[in-house]
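The lines below spell out each chain.
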Amino acid sequence: MTPTFTSARKVGRLLAVVAASIVLTACAGDAELDTLNDLAGPEAQAIDRFMNWILLVSYVVFAIVLGITMYAWKNFRIKTDEYEEGDWPEQIHGNTKAELAWTAAPAIILAIVGVFTISLHSSLNSADSNQINVLVGGENVSWEPEIVVVGQQWWWEYQYHFGDVELTAQRIENLPTPDITTATQMVIPVGQEIELEITSRDVIHSHWIPSLNGKRDAVPGRQSAPWKIEADRPGVFFGQCTEFCGLSHSRMRMQVIALPMEEFQEWVTAQMQGVPLEPETQAYVEALVAGEVPSPETAEQRAVATFRGKCASCHLMEGVADDLWSEEAVADQLVAGAAPNLTHFSSRTTFAGGIRNVWDVETGEFNQNDLREWLANPADIKANFTDPVSDDDSRMRGMPNLGLSTQEIDDLVALLEATGPKPSMDIIEQTGVEG
Amino acid sequence: MTATETHVDVHDEHDHPSDSQYVIIALILAALTAIEILMFVFEEDLPRSGVKLGLIFLMVVKFWIVGAYFMHLKFDKPILWQLFVAGLLLAVAVYFIMMSAFEFSFWNDGFEDQGLPGGGS
Amino acid sequence: MASATVAVEHDEDHGHAETNTGISNNKLAMWLFLSSDCLLFGALISSFLLYRTNIGDNNTGYDSPFDVFDIPFTSLSSFVLLMSSLTMVLSLSAVNRDDERAGRIWMMTTAFLGMVFIGGQVFEFTEFYQVYGLGYSTNTWTSAFYTLTGFHGVHVSVGILMLLGTVFGTRKSGLGKGKSETVELVGLYWHFVDIVWVIIFTVIYLIPIG
Amino acid sequence: MAIVERPLAIGAGDDAVPVVDRPLGDLTRPKISGTWKDWLSTVDHKKIGIMYGVAAMFFFVIGGAEALLIRIQLATPNGTLLSPEVYNQVFTMHGVTMIFLVIMPLAAAFANYLLPLQIGARDVAFPRMNALSFWVFLFGGLFLNSAWLLGGGADGGWFNYAPNSSVTFSPSHGIDFYALGLQITGIASLVSAINLITTVLNMRPKGMSLFRMPVFTWMNLVVQFLLLFAVPVISVALFELTFDRLFGANFFNTEAGADPLLWQHLFWIFGHPEVYILILPSFGIISEVIPTFSRKPIFGYSFMVFSGIAIGFMGWGVWAHHMFVSGIGPISVAAFSLSTMFIAVPTGVKILNWLATIWGGRLRFTTAMLFAVGVVSMFTIGGLSGVTHSIAPADTQQTDTYYIVAHFHYVIFGGALLGIFSGFYFWWPKMFGYMLNERIGKWNFWLQIVGFNVTFGPMHILGLQGMSRRIDTYDASFGFEFWNLVASIGSFIIAAGIAIFFWNISYSRKQWKKAGMPNPGPDPWDARSLEWMTASPTPEHNFDEEIVVESLDEFWHRKYGYDENNNVVRIATAEEVAQDGSNTNVHLPSPSYFPIVLALGLPIIAYGLIYSLWLCIPGAALLIYGFVGWIFEHPDDPNAAHDHHDEHGDGDEPDALDAPADDAGADDEAELVAAGTETEADNG
Ligand code: HEA
Ligand code: HEA
Ligand code: CUA
Ligand SMILES: [Cu+2]
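On a predicted model such as this, the values are computed, not experimentally measured, just so you know.

Engineer: Residues and numbers for the overall build of chain D, please.
Structural biologist: Secondary structure summary: chain D contains 21 helices and two strands in total. Going through the 684 residues of chain D one by one, you find that 73% of them count as buried. In chain D, the proportion of contacts linking residues at least 24 apart, taken out of those at least 6 apart, comes to 81%. Of the accessible surface of chain D, which amounts to about 18400 Å², a share of 67% is contributed by carbon and sulfur atoms.

In structure tokens form, the structure reads like this:
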């Protein structure tokens, strides 16, 4: 056996190992953001199928380049340290035919690739006009599924406008009040193509649910061509903000929950309702709104008082502090001008930009610990920027430490748990995050 | 032909316009400017695109006159002309594409009504 | 294999070694710089065009830049700048003739016309600020406008300094034929600044919006 | 400073000549002192090239240390070494440092050192401006990094998208340092581009037509044109950013209705040509190395040249491929997707021509050759992943993931940096007069290439598994931990490889001293181009006499000819052909302090803009002082010029006012004129 043969075999073995490990990991199914496996969106699948062809072409081209190099290494290499006087190969200066050939070959390959690229590109950028019927507040509304996606530091808001609302090319501040506003989790019906109107309230973010479709930037002051997603099966699909957006960019995550149509309808119905407060709390709220100052008696009343005092200038919780909340009020507090709508907080399963569980994945209990930690000091869980922007601009970027007492935190945790409705255990398990 | 064989004298004075020719060129430039301003004044009475194209045309002509005569590009070594035009054309092309990208960024013209960037002009 | 030694001839008039292109290093460098500057002004002009219609933001009360432009005035200063190119070229022509006196006079005239132009720009800026309340940070339009015209103004000012520097710096050594290249280079720069204004004047002041 | 010593020019009789102090006084004409001080005032393109290299390697260690911090942080899920705040600064400064302060200046180092030599010139067209470029670059780089000591570096990512770069979202001064620092280094690049283009176009000796220039020279010429046109674009972007941040302009203020995509367009119009600015010098280097160690001429010389020009040209029409998901609209996306793909064609021509060059050659795998061949295959991987990005629909899945990080490290590390290392090993004897140890060199190579693949190979997988870039941690549930650990291990293998390189430098030098400093001779590799036709290390005046060029690969053709069977036969040895560097009758441009003084003004002004406008006054004063001094200082010291044979033949007493006395406008354009009479360096 010649030495060169062994070294060639070594190289071969090495390559085999590398190839094997690539294949192995490509099959690892536990990667929640994987763009190669378990894709649920027709768009993502189309991209993946195309990518497979492209990768194949790339492997072939690389194999040719490496092959020629290896062959030359094996056959044309001199073994001595120095050249021997007079040992010269034929001096070839070039060959026009060869040049033309290897100019034309890649050009032709790329032209073919280009044709398929454009066709895939236009199919990804064209929307079909499917209509579905949703029951909204007892009324049957025909809805061309369309969701407004708003990024801000460092969480996502999803707005549902049912009925015939013109959303395209509207700036976020010009949109009417949505029927449903939720945060961090987007719920969609299965098998429907959903148009996403993606924009931002502060810096550029990027919305990405890998197993459904590619990403699209959320650019403030701009809303471009809609981007669509579709899930071909029920399930939970993870996402991550992918445009660098400052301090907690890595902790700006989101999930899409795809539900069969009936469950989606149930979800819509539940979201259209207010917070299920106890009757005496409701009375208490009414009194407060009327301008009286009754003192809170129950825990829930105390929680309402705290919420109105400390949270309501940013967060909306319908039926609790609507009178205190206004877009202008939030804009005075926060650079982004929005904080998550908490009306149905506990109907969601993650919070803090999708990095903590609302419900314990194992026990199904309300995850009080994390919520307490968050309320005590949000920055412990997710890096924030709660100093005022500057001397003459006191707005903040993120949720500040409100200096809540233990009692206040307990009360608020209970109130938040009551917001409901609690999602199914199945969803809780599937959406569970580490953290 | 190798580059070193192209030794030609740096200047060839005779090709330059004379002073009186310079004055005439300047008068032409002044006249063109006057036409521009007239076009602006009577903008309302003329077709919009005609005004735009006309102004751009006059601009290019003025540019060319100053470049060719005052900056001697017409009489100098072609390489100077080539170098300058390289930068100029590159700038025009690149920024034209960039501005078009702003125009094309929306499906419909909804933004125009709102006076947003990219919708204008 | 001895390599040949070549005596390098010198062009006495210009004091330069011969170059491959037949163009002196300085002149070539100046042209390279000018072609690079095209990209600079291109970027500034495009930035302005992007915000061209945004003058109405921040409640200034104007819908269109043409509400604030004083076209007759700007036309006049454009004309002044255009004519300064003529005086510049006459100066070069005089220097080439070894007519030092005329060279200096024309050059000073050029500098003077440049200063008139700058004066006009200062007047326009003050007008915008004081009469119309358009400050640098008022809206995107003002930022883009002041930046673009400001950059041009800085170029003109540098040109004026170059002109004055040449006039006064050569008091001892004279401004004769031997300085013809210096004058030519200053002139190239000056004409370039002029043609940039040709573009700015048309694109910003004259071409109608919409 | 009254030391009377010989100026730079190497005179025949070495009597000390009294030097009259210049009327300007404080800064007398610097004299050769034989100490480190010479480096401050040198205008020698070779010394400047070496300084570029040293400075860049210094920044490389900084940028590399930042990379290692990133890798330690990401080695395991939920890393806690760096806080998110610090992490953001670290990766931003890593990217900025590596691109602007490492690869670009390393390329400038080679360009400065080699361009004049390869075309057979005495120096660059404007030696003092060359020194200015270097000092401006160095001070700009130090200024940029000084942010670490003054409240933290920039934290917006290297492309620093608006509006995240505004004061509202990044209130620390980091981004001010970024904007002003890059502005300063941009000035350096622009000045140097003008200088080098003029040099190549104007200063070739007889017979050296453009198509007899080595491919390295050609590639660098293309690069300088790219810089010439790309730098002003980012300058405008940075000006706008600076004005926004410091003076309340609204270019990127979305609350005032600005469009954040303006920044992206301007940045990438610069940014994409920039990536070819990074890679083409390296393509040039390996185009010199591969033929030498294959004993064949470069295959398809003219195709090599034209494909390089084509890459440079096409590079201007593809920038929006960085913005496929920014919402620039489907039409633009389609157009840019197609235009991007076709850059693979001229690049492929290059790859295949290198392969054709080694085909049938006599390959000698020296370290330089190993690195060069490494570039061919590693760059291909990066180029091919680039093509997968250019497919816009696919890029919506890939962009801003580690798949992109893998792409650009493969092209930059596997292409640009490996090529530069190839250049180090190849030209080291020419630059320093001793050879780097080959055995250690091979260790260097193998560690680097293995470490590189172990580090960045897995990033392809990570990216396709969905790992976003610029995240300071990730959860274990994402399945990223295995490959991240592998990548982190790999990065330390790279570090070991590079440490070995540094060790090789000092080890080889010691060996060489111990062995009584045998000179490697003018031509240790049996190479082909003119720089090998003079002594090693290159004498100060480069060539004793002008070389008249008759063909491409002139030096090789002087050594070898063909017999009747078309076999190569030696007709002369390198020593016979090469010049020995003994000509002492060469007049060289004299050193000057003004470039460094002028350059020093810039960072001071920049600090002033950030902290207190008052500080701008001393900064501007220094600038003006340097400027005026520059103008009044004749580029050639008259006292040096006249005590021996004067090659100018024009015996004119240089008058200080000879140079056009434009004023202290302190703008680049004025400097061009100021450099007025600096042309005499070329009459070798
Ligand atoms: C040295 C630097 C360098 C070089 C040379 C390249 C070369 C190329 N790059 Fe790369 N690129 C970067 C540096 C570089 N890039 C950087 C730094 C970024 C990221 C910036 C950031 O976001 O931070 C980036 C990002 C980047 C993107 C954006 C990705 C994204 O953010 O979404 C794209 C998209 O199209 C792209 C494409 C290409 C292409 C098509 C080439 C081509 O030039 C490659 C051509 C070469 C080959 C194809 C191989 C050889 C060819 C053959 C053997 C012929 C046969 C081939 C075929 C038939 C296909 N690059
Ligand atoms: C010229 C370009 C260049 C080079 C050479 C490198 C080199 C390296 N880069 Fe690069 N990198 C970029 C350009 C470059 N990078 C850019 C532009 C970005 C994007 C930034 C952004 O997103 O804004 C980036 C981002 C980037 C990331 C992604 C960060 C993120 O998105 O969160 C990572 C992660 O692993 C990384 C790793 C590395 C490593 C391990 C090396 C190694 O190859 C480094 C090896 C070098 C050394 C290790 C130094 C020398 C070693 C010694 C002298 C030994 C002794 C010294 C010590 C041990 C201190 N880089
Ligand atoms: Cu939001 Cu990244
Ligand atoms: Cu690019």
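Read on for the rest.
Engineer: Mind laying out the site of ligand 2, listing which residues take part and the relevant values?
Structural biologist: Residue and element names in this part refer to chain D. Looking at ligand 2, there are 33 residues lining it, with Tyr 87, His 94, Trp 158, His 409 and Arg 470 nearest. Here an oxygen atom of ligand 2 and a backbone polar atom of Arg 470 are 2.6 Å apart. Elements that contribute at least two residues to the shell around ligand 2 include exactly α2 (45-74), α3 (84-118), α13 (402-432), α14 (438-464) and α15 (481-514). Examining the composition of the shell around ligand 2, we find that eight residues originate from one element, α2, more than from any other. Counted by class, the shell around ligand 2 contains 24 nonpolar, six polar and three charged residues.

Engineer: Just give me the short version of the site of ligand 1, but keep the residues and values in it.
Structural biologist: Close to ligand 1 lie 31 residues, the nearest being Trp 158, Tyr 276, Asp 395, Thr 399 and His 407 of chain D. Around ligand 1, the nearby residues trace back to chains A and D. Contacts to ligand 1 include Asp 395 of chain D, whose side-chain N or O atom sits 2.7 Å from an oxygen atom. Note that an oxygen atom of ligand 1 is positioned 2.8 Å from one of the side-chain N or O atoms of Arg 469 of chain D. Counting only elements with at least two residues in the shell around ligand 1, the list comes to α7 (261-294), α10 (344-358), α11 (367-390) and α13 of chain D. In terms of residue count, α11 of chain D provides more of the shell around ligand 1 than any other element does, seven residues in total. Of the residues assigned to the shell around ligand 1, the class counts are 18 nonpolar, eleven polar and two charged.

Engineer: Can you tell me about unusual backbone geometry, naming the residues and giving the values?
Structural biologist: For the peptide bond that leads from Ala 162 of chain D to Pro 163 of chain D, omega is -5°, which places it in the cis range. Assignment of secondary structure puts Pro 163 of chain D in the loop between α4 (127-146) and α5 (174-202). Along the chain, Ser 536 of chain D connects to Pro 537 of chain D via a cis peptide bond; the corresponding omega equals -15°. For Pro 537 of chain D, the location among the structural elements is in the loop between α15 and α16 (554-559). Unusually for a residue other than glycine, His 72 of chain B sits at a positive phi of about 65°. Here His 72 of chain B lies in the loop between α2 (48-70) and α3 (78-103). The class of His 72 of chain B is buried, set by a relative accessible area of 4%.

Engineer: How would you sum up the pattern of salt bridges? Please name residues and give values.
Structural biologist: Residue and element names in this part refer to chain D. Counted under the stated rule, the structure contains 31 salt bridges over all chains. For Arg 245, the salt bridge identified is with Asp 176, shortest N-O distance 2.6 Å. With Arg 245 in helix α6 (residues 215-247) and Asp 176 in helix α5, the pair connects residues that are 69 residues apart, well separated along the chain. Each member of the pair Arg 245 and Asp 176 is classed as buried. One salt-bridge network, in which partners are shared between bridges, spans Arg 295, Asp 523, Asp 526 and Lys 559.

Engineer: How would you explain the environment of Thr 53 of chain C if you had to name every residue and give the values?
Structural biologist: All names here are of chain C. One can find Thr 53 in the loop between α1 (25-50) and α2 (71-96). A residue is classified by how much of its surface remains accessible, and Thr 53, at 23% relative accessible area, is partly exposed. Sequence spacing of Thr 53 and Trp 141 is 88 residues, and the spatial spacing of their C-alpha atoms is 7.2 Å.

Engineer: Describe in detail the confidence of the model for chain A, supporting the description with residues and values.
Structural biologist: Per-residue pLDDT for chain A averages 86, and the proportion of residues at 70 or more is 92%. pLDDT under 50 marks residues 1-8 of chain A. Its contacts with residues more than four places away, or in other chains, come to four contacts.

Engineer: Any details on the pairing of strand β6 (residues 185-189) of chain A? Residues and values, ideally.
Structural biologist: As a general feature of sheets, a regular strand has side chains that alternate between the two faces. All names here are of chain A. The buried fraction of β6 amounts to five of the five residues, a majority that puts the element mostly inside the structure. Of the two faces of β6, the one carrying Gln 185, Val 187 and Pro 189 and the one carrying Met 186 and Ile 188 are both buried. Direction of pairing for β6 relative to strand β12 (residues 253-259): parallel, over a ladder of five bridges. In the strand pairing of β12, Gln 185 is matched with Gln 255.

Engineer: Account for the interface of chain C and chain B, with residues named and values stated.
Structural biologist: Taken together, the 56 residues of chain C in the interface contact 52 residues of chain B. Carbon and sulfur atoms make up 74% of the area that chain C and chain B hide from each other, which totals about 4800 Å². When residues of chain C are sorted by the area they lose upon contact with chain B, Trp 31, Leu 50 and Ile 195 of chain C head the list and together hold 13% of the total. On inspection of chain C and its partner chain B, the count reaches two salt bridges. There are seven residue pairs in polar contact (both at pLDDT 80 or more) connecting chain C and chain B. Split by residue class, the side of chain C that touches chain B holds 32 nonpolar, 17 polar and seven charged.

Engineer: Before we move on, could you go through the coordination of the iron atom of ligand 2 and cite the residues and values that matter?
Structural biologist: All names here are of chain D. Bound to the iron atom of ligand 2 on the protein side are His 94 (NE2) and His 409 (NE2), at distances that span 2.0 Å. In this structure, the iron atom of ligand 2 is coordinated by six donor atoms arranged in octahedral fashion, with angles at the metal of 85 to 180°. With a gap of 315 residues between them, His 94 in helix α3 and His 409 in helix α13 connect regions that are remote in the sequence. Across this residue pair, the class does not change: His 94 and His 409 are buried.

Engineer: Could you give an account of the environment of Ser 123 of chain A, with specific residues and numbers?
Structural biologist: Tracing the backbone shows Ser 123 of chain A in helix α3 (residues 96-124). When the C-alpha positions of Ser 123 of chain A and Glu 262 of chain A are compared, they lie 29 Å apart, and in sequence the two are 139 residues distant.

Engineer: Just give me the short version of the coordination of the iron atom of ligand 1, but keep the residues and values in it.
Structural biologist: Residues and elements named next belong to chain D. Exactly one donor from the protein chain reaches the iron atom of ligand 1: His 407 (NE2), at 2.1 Å. Between the iron atom of ligand 1 and the copper ion (ligand 4) the interatomic distance comes to 4.5 Å. Residue placement: His 407 occurs in helix α13.

Engineer: Requested: an account of the domain arrangement of chain A, with residues and values cited.
Structural biologist: As a measure of interface size, the accessible area lost when the parts come together is often cited. All names here are of chain A. According to the domain assignment, chain A consists of domain 1 (132-271) and domain 2 (279-431). The C-alpha-based centres of domain 1 and domain 2 are spaced at 22 Å. Each side of the interface is counted separately: domain 1 has 25 residues, and domain 2 has 26 residues. Taken over both partners, the interface formed by domain 1 and domain 2 buries close to 2200 Å², and the fraction arising from carbon and sulfur atoms is 56%. The largest contributions to the domain 1 side of the interface with domain 2 come from Trp 154, Trp 155 and Arg 251, which together make up 21% of the buried area. The tally of links between domain 1 and domain 2 comes to zero salt bridges. Across the contact surface, domain 1 and domain 2 share ten residue pairs in polar contact (both at pLDDT 80 or more). Those elements giving two or more residues to the side of domain 1 that touches domain 2 turn out to be β4 (155-160), β5 (180-183), β11 (235-240), β12 and α4 (261-272). It is β12 that provides the largest number of residues to the side of domain 1 that touches domain 2, a total of four residues.

Engineer: Can you tell me about empty space enclosed by the protein, naming the residues and giving the values?
Structural biologist: Residues and elements named next belong to chain D. Tallied over the entire structure, the rule returns 18 cavities of 30 Å³ or more. Its boundaries defined by the atoms lining it, the largest cavity holds a volume of some 210 Å³. Taken together, 18 residues line the largest cavity, and the ones lying closest to its centre are Met 104, Pro 105, Ala 108, Ser 189 and Leu 227. Elements represented by at least two residues in the lining of the largest cavity include exactly α3, α4, α5 and α6. Per element, the largest residue contribution to the lining of the largest cavity is six residues, and it comes from α3. When grouped by side-chain class, the residues that make up the lining of the largest cavity number twelve nonpolar, six polar and no charged. In this structure, the second largest cavity spans a volume of roughly 180 Å³.

Engineer: Please provide a residue-by-residue account of the sheet that holds β5 of chain A, values included.
Structural biologist: Residues and elements named next belong to chain A. Across the sheet, which stays open at both edges, the five strands sit in the order β5-β4-β3-β7-β10 with mixed pairing between neighbours. The two strands at the open ends of the sheet, each matched to only one other strand, are β5 and β10 (227-229). Strand-to-strand twist of the sheet, defined as the mean angle between neighbouring strand axes without regard to direction, takes the value 30°. Where strand β7 (residues 194-200) and β10 come together, three bridges link them in antiparallel fashion. Paired with Ile 194 across the two strands is Ile 229, which belongs to β10. Here α4 sits on the sheet and contacts β4 and β5; the angle it forms with β5, its principal contact strand, is near 100°.

Conventions we followed
Residues numbered from 1 in each chain as written. Chains lettered and ligands numbered in written order. Predicted model: local features only at pLDDT ≥ 70, side-chain atom pairs only at ≥ 80, totals over all residues. Heavy atoms only, no water. Helix = DSSP H or I, 4+ residues; strand = E, 2+ residues; numbered from the N terminus. Buried < 20%, exposed > 50% of the residue type's maximum accessible area, 1.4 Å probe, protein only. Contact = heavy atoms within 4.5 Å. Areas by Shrake-Rupley, 256 points an atom, 1.4 Å probe, with all protein chains shown as cover. Near = heavy atom within 4 Å. Polar contact = N/O pair within 3.5 Å; in protein donor to acceptor, adjacent residues only side chain to side chain. Nonpolar A, V, L, I, M, F, W, Y, C, P; charged D, E, K, R; others polar. Salt bridge = Lys/Arg side-chain N within 4 Å of Asp/Glu carboxyl O. pLDDT = per-residue confidence, 0-100. Pairing = 2+ DSSP bridges. Buried area = accessible area lost by both parts, 1.4 Å probe. Donors = N, O, S within 2.8 Å, 3.2 Å for Na, K, Ca; no water. Tetrahedral: all angles 85-135°; square planar, octahedral: opposite > 155°, others 65-115°. Domains from an automatic or database assignment. 1 Å grid on protein atoms, 1.4 Å probe; cavity = no way out; pocket = protein on both sides within 12 Å on 5 of 7 lines; lining within 4 Å. Points joined across faces, edges and corners; volume = space filled by probe spheres on them. Axes fitted to C-alpha atoms, helices over the stretch in contact; angles between N-to-C directions.

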